Amino acid sequence: MNLSGKKVIVTGGSHGIGEAIVRRFSIAGADVLFTYKDSAAKAAELCDILSSEKGKVTSLQCDMSDISCCKEILQHSEQTLGKVNTLVNNVGTLTRDTFLIIDEEKYDQVLDTNLKIPFFLTQLVAKRMIEHDIIGNIINVSSLSSRLCRSRVAHYQIAKAGMENLTKSAAYELAEHGIRVNGICPGLTATKANQEQWENQPELWQQRAANIPLKRTGLPQDHAGAALYLASDEASWVTGVTLVIDGGMSLY
């Protein structure tokens, strides 16, 4: 699929699913700005690697738990890319704590990063799209945790469930402006959040894979193709949808 002419913001694009999306979009011809938190060397390396692809790739270091990042991201994207027509809300964080010991600080950290910031960044970008009569596209990355309860991540599950409802609500209200809002819902995937397990506890990781109908855990690139489709003109009549990509985990 061809994304030539697309000007894209991807939050949390220096590793995992975000990085896979940045790579796939760049190869498809999009110009991409991705945000990252603390790996400047990795971000610079990614920009250098992708500079030979069709699309322009730049990065911005920012704190995605601070609401001021929204204006910073939009301003920087317009300076480097021009008028943005696609936003991918991918950045996320979690702490693993039982329900009875999650305190206000941990709750706010997870809810702000996973739900509050995507809400207001979407609002800000959508306003600018409307201002410039841009037929826009927003993609939210949620998690299967929003649908299947697991222990020690109650605050994360709440945030990701909210993300899926944000997708529907924004899709409904922004449709009159020609802005589509969709999501992808990853199942168990080998990302930084699970790195300790898939690197240091391979037997447990394989046991978890055995419980998935397709008999393997996901890779970041398994989700990039879905994001590519939703960002493309091939999905021009698709809005308010969240695609579950989980190897069949949610069939149980």
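Please read these numbers as outputs of a predicted model, since none were measured by experiment.

Draft legend 1. Seen up close, a negative patch on the surface. The grouping of Asp-103, Glu-104, Glu-105 and Asp-108 at the surface amounts to a negative patch. As for its placement among the helices and strands, Glu-105 is situated in helix H4 (residues 104-131).

Draft legend 2. Layout of unusual backbone geometry. The phi angle at Arg-152 is positive, at roughly 75°, despite the residue not being glycine. By relative accessible area, which is 41% here, Arg-152 ends up partly exposed. Here the phi dihedral of Lys-215 falls at roughly 65°; this positive angle occurs in a residue that is not glycine. As for its position among the elements, Lys-215 is in the loop between helix H7 (202-210) and helix H8 (221-231).

Draft legend 3. Region of the structure containing the environment of Leu-121. Among the secondary structure elements, Leu-121 is positioned in helix H4. Classification of Leu-121 by relative accessible area gives buried; the value is 0%. With 53 residues separating them in the primary sequence, Leu-121 and Ser-68 have C-alpha atoms 9.8 Å apart. Ignoring sequence-local partners within four residues, the contact set of Leu-121 consists of Thr-11, Cys-70, Ile-73, Leu-87 and Asn-89.

Draft legend 4. Summary view of the packing of aromatic side chains. Per the stated rule, a full pass over the model turns up 1 aromatic pair. Ring geometry for Phe-119 versus Phe-120: centroids 5.0 Å apart, planes at 65°, classification edge-to-face. Looking at Phe-120, the relative accessible area reads 33%, which means it is partly exposed.

Draft legend 5. View of helix H2 (residues 40-50). Along H2, the residues that are buried comprise Ala-43, Leu-46, Cys-47 and Leu-50. Projected onto a plane normal to the axis of H2, the buried residues spread over an arc of 100° and lie on a single side. The outward face of H2, more than 90 degrees from its buried face, is lined by the exposed residues Ala-41 and Asp-48. Of the surrounding secondary structure, the elements contacted by the buried residues of H2 are helix H1 (16-27), strand E2 (31-36) and strand E3 (57-61).

Draft legend 6. Layout of the pattern of salt bridges. Considering all chains together, one arrives at 9 salt bridges under this definition. Across the salt bridge formed by Lys-7 and Asp-31, the nearest N and O atoms sit 2.6 Å from each other. Separated by 24 residues along the polypeptide, Lys-7 in strand E1 (residues 7-10) and Asp-31 in strand E2 bring together distant segments of the chain. Judged by its relative accessible area of 16%, Asp-31 falls in the buried class. One salt bridge in this structure joins Glu-19 and Lys-42, with 3.1 Å as the shortest N-O distance.

Draft legend 7. Region of the structure containing the side chain of Arg-180. By secondary structure assignment, the location of Arg-180 is in strand E6 (residues 180-186). Here Arg-180 is buried and forms no salt bridge, its nearest opposite-charge partner Asp-233 lying at an N-O distance of 5.9 Å. Setting aside residues up to four positions removed in sequence, Arg-180 forms contacts with Gly-136, Asn-137, Ile-138, Leu-230, Ala-231, Ser-232, Ala-235, Ser-236, Val-238 and Thr-239.

Conventions we followed
Residues numbered from 1 in each chain as written. Predicted model: local features only at pLDDT ≥ 70, side-chain atom pairs only at ≥ 80, totals over all residues. Heavy atoms only, no water. Patch = residues over 30% accessible without salt bridge, like charges linked within 9 Å, V, L, I, M, F, W, Y side chains within 5 Å. Areas by Shrake-Rupley, 256 points an atom, 1.4 Å probe, with all protein chains shown as cover. Salt bridge = Lys/Arg side-chain N within 4 Å of Asp/Glu carboxyl O. Lys, Arg positive; Asp, Glu negative; His and termini not counted. Charge placed at Lys NZ, Arg CZ, Asp CG, Glu CD. Helix = DSSP H or I, 4+ residues; strand = E, 2+ residues; numbered from the N terminus. Buried < 20%, exposed > 50% of the residue type's maximum accessible area, 1.4 Å probe, protein only. Contact = heavy atoms within 4.5 Å. Phe/Tyr/Trp six-rings, centres within 6.5 Å; stacked < 30°, edge-to-face > 60°. Arc of directions from axis to C-beta.

In short, shape yes, function no, at least from these values alone.
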